[in-house]
Amino acid sequence: MANTPQSKKRARQSEARFAINKARRSRIRTFLRKVEEAIASGDQAVAAEALRTAQPEMARGVTKGVLHKNTVARKMSRLSSRVKALSAAAA
């Protein structure tokens, strides 16, 4: 248990940061789920728009330290290629 004033403050800060990061991660997952649902529906225009709105949220997760840079780059790349494949399949 935290005993010193410094360790008590660090524990408070850690709890606050955990709550903020949890909310941010949840928000990013929601945007990703919307992209996944749009891809599953097969509508390329909706999927592209969902991806366009999800990308800044994912990038923000990197700058805030919630997600690793390469993880976000990989997810963006895979999603964009799947959205692009929808247009190829429709044509």
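Please refer to the structure placed before this passage.
Residues numbered from 1 in each chain as written. Predicted model: local features only at pLDDT ≥ 70, side-chain atom pairs only at ≥ 80, totals over all residues. Heavy atoms only, no water.

Caption draft 1: Representation of the nonpolar core within the structure. Val35, Ile39, Ala47, Met58, Leu79 and Val83 are the most contacted members of the largest nonpolar core, which totals 17 residues. Looking at this core, the elements that each hand over two or more residues are helix H1 (5–41), helix H2 (44–63) and helix H3 (69–90). Dropping the residues within four chain positions of it, Ala47 is found in contact with Ala38, Ile39, Val83 and Leu86. (Core = buried A, V, L, I, M, F, W, Y, C linked by side-chain atoms within 4.5 Å. Buried < 20%, exposed > 50% of the residue type's maximum accessible area, 1.4 Å probe, protein only. Helix = DSSP H or I, 4+ residues; strand = E, 2+ residues; numbered from the N terminus. Contact = heavy atoms within 4.5 Å.)

Caption draft 2: Inspection of the environment of Ala59 at higher detail. Among the structural elements, Ala59 can be located in helix H2. Looking at Ala59, the relative accessible area reads 35%, which means it is partly exposed. Sequence separation of Ala59 and Lys69 is 10 residues, and the distance between their C-alpha atoms is 8.1 Å. If we skip the residues at most four places from it in the chain, Ala59 touches Val72 and Met76.

Caption draft 3: Structural detail: the environment of Phe31. By the secondary structure assignment, Phe31 is in helix H1. Residue classification places Phe31 among the buried residues on the basis of a relative accessible area of 18%. Counting along the chain gives 24 residues from Phe31 to Gln55, while the straight-line C-alpha distance between them is 8.8 Å. Residues within four places of Phe31 in sequence aside, it is in contact with Thr53, Ala54 and Glu57.

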